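The residues making up each chain are set out below.
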Amino acid sequence: MSLRRNSFSHPLRTLLILGRASNLPTVWSNCLAGWLLGGGTGLGRLALLCAGATFLYLGGMYLNDAFDAQFDLQHRPERPIPAGNIHPASVWRWGLSWLFLGLIGLSLLGETTAILAVLLAICILIYDALHKIFAFSPVLMAACRFFLILAAASAPLNGEVGVSVWSALVLASYIVGLSYLARRESTHGALRYWPCFFLAAPVFLALVVNGFHMRSILLIALSVIWMLVSLRHVFWVAQPNIGRAVSGLLAGIVLVDLLAVGGGAPPITLAFLLLFFLALLFQRFIPAT
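Remember, predicted model here, so these are calculated numbers, not experimental data. (Residues numbered from 1 in each chain as written. Predicted model: local features only at pLDDT ≥ 70, side-chain atom pairs only at ≥ 80, totals over all residues. Heavy atoms only, no water.)

**Student:** It is not clear to me how the overall build of the protein should be interpreted in this structure. Could you clarify?
**Tutor:** Across its full length, the protein carries 13 helices and 0 strands. Mapped from its N terminus to its C terminus, the protein presents α and β elements in the order α-α-α-α-α-α-α-α-α-α-α-α-α. For the protein, the C-alpha radius of gyration of 18 Å lies close to 19 Å, the compact-globule estimate for 289 residues. By its C-alpha atoms, the protein is 55 × 50 × 35 Å across when sized along the principal axes. Expressed as a percentage of its 289 residues, the buried residues of the protein come to 54%. The long-range fraction of contacts in the protein, counting pairs at least 24 apart against all pairs at least 6 apart in sequence, stands at 74%. A total accessible area of about 13200 Å² is found for the protein, and carbon and sulfur atoms account for 71% of it. (Helix = DSSP H or I, 4+ residues; strand = E, 2+ residues; numbered from the N terminus. Rg over C-alpha atoms; globule rule 2.2 N^0.38 Å. Buried < 20%, exposed > 50% of the residue type's maximum accessible area, 1.4 Å probe, protein only. Contact = heavy atoms within 4.5 Å. Areas by Shrake-Rupley, 256 points an atom, 1.4 Å probe, with all protein chains shown as cover.)

Below, the structure is given as structure tokens:
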């Protein structure tokens, strides 16, 4: 790795910022939700799934900065490459290496998982290459999380992918709404309300699948309140802060996953809530966007 002189004292922070590591709890949450929806058997397979997904995510984030180096030079000068904290060639090497390791890790979980991992990697690469020039890039980002959920559902012993499709679709819808806001953070375009309605898809699925019993209502209320708290930073303040809204909605991915599994046993609910608070804690040290 080639680091310039002004960053030798903080190489680890540079790598964490490049990987947007504060969002990793949401990746692990996707893995846990998909694994549970697919049958939830084999803890060792869950660990391998989380490791492989982590590598794929880091690869995608590194390559995102590699592709965006010229754009960030003008619009995001605080990012590691334009700030001079790391050489672009090093970012390319790190990103491709992480992506390769992720594919190897997930391929060890079986043929179906391997195929879905390849589709996920393809979506990651297409998104990284085109997201600044493709108007529908939020759909590409949504496809990444969609295939991650499906890959996670295929990972357990005798994993069943079919039952996870609806949850993967509503998570993808949530990501579309979130990504729309994230695009406005760097392009400074006009904000509109309608894309944010995509964020509500997980709530509707939870009502259909989980019904109106007390646990379901509490989980839905928690998710809706958090969405509104996050969106408040954009739509109901004098000085909108898109970055803060997006960071909150990114942490909210964990709550979407919790809705998908209907809470489950108390230890399952606790695991998701811990991941949610872990995402918020990580965001205090590493920017989420």
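Moving on from the model shown.
**Student:** Help me out: how do you make sense of helix H1 (residues 11–18) in this one?
**Tutor:** The α-helix advances 3.6 residues per turn, and as a result positions three or four apart in sequence lie on the same side. Taken together, the buried positions of H1 are occupied by Thr14, Leu15, Ile17 and Leu18. Taken around the axis of H1, the buried residues stretch over an arc of 160 degrees, which confines them to a single face. Of the surrounding elements, those touching the buried residues of H1 are helix H3 (43–67) and helix H5 (88–107). (Arc of directions from axis to C-beta.)

**Student:** Just to check I follow, could you spell out unusual backbone geometry for this structure?
**Tutor:** For residues besides glycine, phi is generally negative; the peptide bonds are generally trans as well. A positive phi angle is found at Arg20, which is not glycine, with a value near 45 degrees. Relative to the helices and strands, Arg20 is located in the loop between H1 and helix H2 (24–37). Assessed through its relative accessible area of 9%, Arg20 is described here as buried. Positioned with a positive phi, Asn158 is a non-glycine residue whose angle comes to about 60 degrees. Mapping Asn158 onto the fold places it in the loop between helix H7 (137–154) and helix H8 (165–187).

**Student:** Please explain the environment of Leu178 as it appears in this structure.
**Tutor:** One can find Leu178 in helix H8. Looking at Leu178, the relative accessible area reads 5%, which means it is buried. Once the C-alpha coordinates of Leu178 and Arg232 are considered, the two residues, 54 residues apart in sequence, prove to be 14 Å apart. Setting aside chain neighbours within four positions, we find Leu178 in contact with Leu199, Val246, Leu249, Leu250 and Ile253.

**Student:** Just to check I follow, could you spell out the nonpolar core for this structure?
**Tutor:** When a protein is soluble and globular, its nonpolar side chains tend to lie buried together. In this structure, Leu49, Tyr174, Leu178, Leu181, Leu199 and Leu249 are the most contacted members of the largest nonpolar core, which totals 86 residues. With 12 residues, the single largest contributor to this core is H7. If we ignore the near neighbours within four places in the chain, the residues touching Leu49 are Cys31, Trp35, Leu106, Leu109, Ala151, Ala152 and Ala155. (Core = buried A, V, L, I, M, F, W, Y, C linked by side-chain atoms within 4.5 Å.)

**Student:** How should the confidence of the model for the protein be read in this particular structure?
**Tutor:** Low pLDDT marks stretches whose predicted atomic positions should not be read closely. Per-chain confidence: the protein averages 91 in pLDDT, with 95% of residues scoring 70 or above. Confidence drops under pLDDT 50 across residues 1–9; counting only partners more than four residues distant or on other chains, this segment forms 20 contacts. (pLDDT = per-residue confidence, 0-100.)

**Student:** What exactly am I supposed to notice about the side chain of Asp128 here?
**Tutor:** Here Asp128 lies in helix H6 (residues 111–130). With no salt bridge to any partner, buried Asp128 finds its closest opposite charge in Arg20, at an N-O distance of 7.6 Å. In contact with Asp128, other than residues within four places in its own chain, are Gly60, Leu63, Asn64, Phe67 and Asp68. (Lys, Arg positive; Asp, Glu negative; His and termini not counted. Salt bridge = Lys/Arg side-chain N within 4 Å of Asp/Glu carboxyl O.)

**Student:** How should the pattern of salt bridges be read in this particular structure?
**Tutor:** Oppositely charged side chains can form a pair if their charged atoms are brought close together. Evaluation of the coordinates by the stated rule reveals 4 salt bridges. The closest approach of N and O atoms between Asp65 and Arg20, which form a salt bridge, is 3.0 Å. With Asp65 in helix H3 and Arg20 in the loop between H1 and H2, the pair connects residues that are 45 residues apart, well separated along the chain. Take Asp65: its relative accessible area is 1%, and that puts it in the buried class. Glu78 is the salt-bridge partner of Arg76, the closest N and O atoms lying 2.6 Å from each other. Counted as one network, the salt bridges with shared partners bring together Arg20, Asp65 and Arg79.

**Student:** I'm lost on the environment of Ile225 in this one. Help?
**Tutor:** With respect to the secondary-structure elements, Ile225 resides in helix H10 (residues 214–235). Taking the C-alpha atoms as reference points, Ile225 and Phe67, separated by 158 residues in sequence, lie 36 Å from one another.

**Student:** Explain the packing of H3 against H5 here, please?
**Tutor:** The description of two packed helices rests on the angle between their axes and on the distance between the axes. Two elements in contact, H3 and H5, have axes separated by 7 Å at closest approach and are oriented at 155 degrees. Taken together, the axes of H3 and H5 are roughly antiparallel relative to one another. In the crossing of H3 with H5, the sense of the turn from one axis to the other is left-handed. Residue classes in the contact of H3 with H5 are distributed as 19 nonpolar, 6 polar and no charged. (Axes fitted to C-alpha atoms, helices over the stretch in contact; angles between N-to-C directions. Parallel < 35°, antiparallel > 145°, perpendicular 65-115°, else oblique. Left-handed = near helix turned anticlockwise from the far one by under 90°. Nonpolar A, V, L, I, M, F, W, Y, C, P; charged D, E, K, R; others polar.)

**Student:** I keep staring at H6 and nothing clicks. Help me out?
**Tutor:** Here H6 spans 29 Å end to end across 20 residues, near enough to the 28 Å set by a 1.5 Å rise per residue. Among the residues of H6, those classed as buried are Thr113, Ala114, Leu116, Ala117, Leu120, Ala121, Cys123, Ile124, Tyr127 and Asp128. (Expected span 1.5 Å × (residues − 1).)

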